[in-house]
Amino acid sequence: MSLLEIQHIFKTFREGHEPVHVLQGITLSVAAGEVLALEGPSGSGKTTLLCIAGCILTPTSGSVLIDGRDVADCSARELAAVRRKKIGFIFQQYNLFPALTAVENVEYALNIRGLKGRAARREAEVAIDSVGLADRRSFLPSDLSGGQKQRVAIARAIASKPPLLLADEPTANLDSETGAQTLELFRSLARQQGQALVVVTHDPKVREIADRVAYIRDGRLVS
């Protein structure tokens, strides 16, 4: 069974009195253990689709099923629980708390998901170490480079082992070596833990670890 199913998704925004049709009938699915690379030019609707898949945006029409459940039937509280328990996000802008250290940023995310105390700290340290920041655990975001912040964001997303991982340009701020290590980590997460990954990207190297590539142009799936 597909872990993520997106069925006939349309999304329309309004700019003044004019409708802007961002997504036009997108249908795709991602199975557990699969890596899907989502490509397309800037403005094609990739990030909007990612936000709909992650229950951040509501589609104008169509349905999203996560682990077999249609999220359209969920209350606001239930949607929050789906995001908390089922989905890990890697945002292009990091979204780290500036007053928390690298490991505390990851630990806080685990706290929100219900893991507390020493167990949360231990899992946070494992996640931080897995992205190559063992020597940066106690650093604040202001003391980290852009690439290091991105790796903290990745550690935060994978720490609780969510079944669905959504990443928006996760290698954009990484050097080539760290980017390659990050992609290999994604591939191992899919193979060893059965996570489903959707990676919005312009990086051609993502194709090397992807099982499939979907291409969006002008809000439509073209391949």
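Details of the structure are given in the entry above.
None of the values given here were measured: they were computed from a predicted structure.

Novice: Before we move on, can you summarise the overall build of the protein chain with the specific residues and values?
Specialist: Check the secondary structure of the protein chain and you find six helices and 10 strands. By the compact-globule yardstick of 17 Å for 223 residues, the protein chain fits well, its C-alpha radius of gyration being 17 Å. Scored against the burial criterion, the 223 residues of the protein chain give a buried share of 47%. Residue pairs in contact within the protein chain that sit at least 24 positions apart in sequence constitute 70% of those at least 6 positions apart. Total accessible area on the protein chain is roughly 10700 Å²; 49% of this is exposed by carbon and sulfur atoms.

Novice: Mind laying out the side chain of Thr201, listing which residues take part and the relevant values?
Specialist: As for its placement among the helices and strands, Thr201 is situated in the loop between strand S8 (196-200) and strand S9 (212-217). Of note is the side chain of Thr201, whose polar atom sits 2.8 Å from the backbone nitrogen of Asp203. Setting aside residues no more than four positions away along its own chain, Thr201 makes contact with Leu38, Glu39, Glu169 and Val206.

Novice: Break down the pattern of salt bridges for me, citing the residues and quoting the values.
Specialist: In total, this model carries 10 salt bridges according to the counting rule given. Residues joined in a network through salt bridges with shared partners are Glu125, Asp129 and Arg137.

Novice: Help me get a handle on the nonpolar core, residues and values and all.
Specialist: If you look at the biggest cluster of nonpolar residues, it comprises 34 residues, and the most contacted ones within it are Val106, Ile128, Val152, Leu165 and Phe186. For this core, the secondary-structure elements that each account for two or more residues are strand S3 (35-39), helix H3 (102-112), helix H4 (117-130), helix H5 (146-158), strand S7 (164-168), helix H6 (176-193) and S8. For Val152, the contacting residues outside a window of four places in its chain are Leu96, Ala102, Asn105, Val106, Ile128, Leu133 and Leu144. Judged by nonpolar contacts, the second largest core, of 31 residues, contains Val22, Leu28, Leu38 and Val71.

Novice: Any details on a nonpolar patch on the surface? Residues and values, ideally.
Specialist: Taken together, the side chains of Phe97, Tyr108 and Ile112 define a hydrophobic patch exposed on the protein surface, amounting to about 280 Å² of accessible area. With respect to the secondary-structure elements, Phe97 resides in the loop between strand S6 (87-90) and H3.

Novice: Explain the sheet that holds S3 residue by residue, including any values.
Specialist: With respect to topology, six strands assemble into an open sheet ordered S6-S7-S8-S3-S9-S10, the strand pairing being mixed. Bordering the open sheet on either side are S6 and strand S10 (220-221), each of which pairs with just one other strand. Bridge count between S6 and S7: four bridges; the pairing is parallel. The partner of Gly88 across the bridge, within S7, is Leu165. Strands in contact with helix H2 (residues 76-86) are S6 and S7; relative to S6, the strand with the most contacts, it is inclined by about 75°.

Rules and cut-offs
- Residues numbered from 1 in each chain as written.
- Predicted model: local features only at pLDDT ≥ 70, side-chain atom pairs only at ≥ 80, totals over all residues.
- Heavy atoms only, no water.
- Helix = DSSP H or I, 4+ residues; strand = E, 2+ residues; numbered from the N terminus.
- Rg over C-alpha atoms; globule rule 2.2 N^0.38 Å.
- Buried < 20%, exposed > 50% of the residue type's maximum accessible area, 1.4 Å probe, protein only.
- Contact = heavy atoms within 4.5 Å.
- Areas by Shrake-Rupley, 256 points an atom, 1.4 Å probe, with all protein chains shown as cover.
- Polar contact = N/O pair within 3.5 Å; in protein donor to acceptor, adjacent residues only side chain to side chain.
- Salt bridge = Lys/Arg side-chain N within 4 Å of Asp/Glu carboxyl O.
- Core = buried A, V, L, I, M, F, W, Y, C linked by side-chain atoms within 4.5 Å.
- Patch = residues over 30% accessible without salt bridge, like charges linked within 9 Å, V, L, I, M, F, W, Y side chains within 5 Å.
- Pairing = 2+ DSSP bridges.
- Axes fitted to C-alpha atoms, helices over the stretch in contact; angles between N-to-C directions.

Fair warning: the whole summary comes from geometry, so function is off the table for now.
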